[in-house]
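What follows is the residue order along each chain.
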Amino acid sequence: MTLEQLRIFVAVAEHLHVTRAAQALNLTQSAASAAIQALEARHATKLFHRVGRGIALTDAGTAFLPEARAVLARAALAERALDDLSGLRRGLLALHASQTIGNYWLPSLMHRFRAAHPGLQLDLTIGNTTQVAEAVREGRADIGFVEGDLDVAGFEHASVPGDRLVLVVGAGHPWAEERMVVPSRFADSPWVLRERGSGTRQVFESALERLGVDPAALPVALELASNEAVRAAIEAGAGAGVLSSLSVESGLRFGTLRQLDPPFPARRFRVLRHPDHYRSKAVEAFLKMLDLD
């Protein structure tokens, strides 16, 4: 088997769609299909069920996926070790970040880094806190950035100044003209929240418990997988919500959102590295730029 076949297999397994995987890899659909067929034929093992137009991993494919990812991660680490021979003039730095960080906080830092090291390629993947930690653990991320509570055993970690969660409602919400809503009234409104596993959701529920509010008592109307979707639902009147101050600035400025007290504590973002993975010069330079605590 070749690294290219493994790369195509992982992409198809993640998209569960050959055409979308091929597009993500800038390949033709026929080339992606041929690579999967060659891999299956070489090892006399079916990796995907083909049902109509859909596909799903077989038991063999499910078992093989983490092994394929591990091989690709090791190959990427070897390539980065060779890139170090040319200093910071070429190479790839793979970053994974949870949504608030990846969408609002990290891009300006990436721009600053690229200006200082124009020969380096930065690859940013955005997920939730759980997904970022898994990417660092598997070696798919050189550096991970998360905002949620996380068991940091097995990681090198540090923190940087982050943001603050704020309680917001749409302009037409019954609370819109109030300056403060006491926690005992939180159950009076439906809520729109990020999905479980996101840092925003974890921090909010921890804050509720400190305020004496049982998170399970909130009438959650919607759970959505992005800050933008949560903000749009709140602006449309679906309920109250808590989001990063970074993600609501435009809504507050244009009057589609109203911010209410009580304020939530400031939070710090966490930077993750795997202690056993190769620490390239690019990684060292990016971490130095962050001025970690």
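Thresholds, definitions, all that
- For every chain, the first residue of the written sequence is number 1, and numbering continues from 1 onward in sequence order.
- For a predicted model such as this one, the threshold for reporting local features is a pLDDT of at least 70, and the threshold for listing and counting side-chain atom pairs is 80 or more; totals across whole chains, interfaces and linings nevertheless cover every residue.
- Hydrogen atoms and water are omitted, and side-chain values are computed over all heavy atoms in the structure.
- UniProt positions are given in the numbering used here, feature names are shortened, and annotations may be inferred rather than shown by experiment.
- Axes here mean lines fitted to C-alpha atoms, for a helix over just the part in contact, with angles spanning 0 to 180 degrees between N-to-C directions.
- For the purposes of this entry, the term helix denotes a DSSP run of H or I that reaches at least four residues, the term strand denotes a run of E that reaches at least two, and both are numbered from the N terminus.
- Relative orientations are named as follows: roughly parallel for angles under 35 degrees, roughly antiparallel for angles over 145 degrees, roughly perpendicular for angles from 65 to 115 degrees, and oblique for any other angle.
- The contact definition used throughout considers only heavy atoms, calling two residues in contact when any of these lie within 4.5 Å.
- Any residue that is not Ala, Val, Leu, Ile, Met, Phe, Trp, Tyr, Cys, Pro, Asp, Glu, Lys or Arg is counted as polar, Gly included; the first ten are nonpolar and the last four charged.
- A pair of strands is labelled paired if DSSP reports no fewer than 2 bridges between them.
- Crossover handedness is defined by viewing with both strands directed away from the observer: a clockwise path from the first strand over the helix to the second marks the crossover as right-handed.
- A carboxyl oxygen of Asp or Glu within 4 Å of a side-chain nitrogen of Lys or Arg is what we treat as a salt bridge.
- To sort residues, take the accessible area from a 1.4 Å probe on protein chains only and compare it with the maximum for the residue type: under 20% means buried, over 50% means exposed, and anything in between is partly exposed.

An unreviewed UniProt entry lists the protein under the name LysR family transcriptional regulator, with Inquilinus limosus as the source organism. Here the protein is described in UniProt, under the heading Sequence similarities (unreviewed entry), as follows: "Belongs to the LysR transcriptional regulatory family."

**Quick word on the packing of helix 1 (residues 3–15) against helix 3 (residues 29–43)**
At a minimum axis separation of 9 Å, helix 1 and helix 3 run at an interaxial angle of 105°. Between helix 1 and helix 3, the angle is such that the two are roughly perpendicular. Contact with helix 1, carried on its side by Q5, I8, F9 and V12, involves A32, A35, I36, A38 and L39 of helix 3 and no other residues of that element. Per-class residue counts for the contact of helix 1 with helix 3 are 8 nonpolar, 1 polar and no charged.

**Looking at the pairing of strand 4 (residues 120–127)**
Bridge analysis of strand 3 (residues 91–98) against strand 4 gives 8 bridges, and the strand direction is parallel. Along strand 4, the bridge assignment pairs G91 with L120. A crossover connection joins strand 3 to the parallel strand 4 through helix 5 (residues 99–116); in handedness this β-α-β unit is right-handed.

**Examining the pattern of salt bridges**
The final tally for this structure, using the stated rule, is 15 salt bridges. The residue E284 makes a salt bridge to R279 at a minimum N-O spacing of 2.9 Å. Using a relative accessible area of 34% as the deciding quantity, one classes R279 as partly exposed. Here the salt bridges share partners, and the residues they tie into one network are R196, R201, E205 and E223.

**Concerning the pairing of strand 6 (residues 156–170)**
Bridge analysis of strand 6 against strand 11 (residues 266–273) gives 8 bridges, and the strand direction is antiparallel. Bridging from a neighbouring strand, R164 pairs with A266 of strand 11. Looking at chain direction, strand 6 and strand 9 (residues 241–244) are connected through 4 bridges and run antiparallel. Paired with V168 across the bridge in strand 9 is G241. Here 4 bridges tie strand 6 to strand 10 (residues 257–260), and the two strands are oriented antiparallel to one another. Among the inter-strand pairings, V168 is bridged to a residue of strand 10, identified as Q259.

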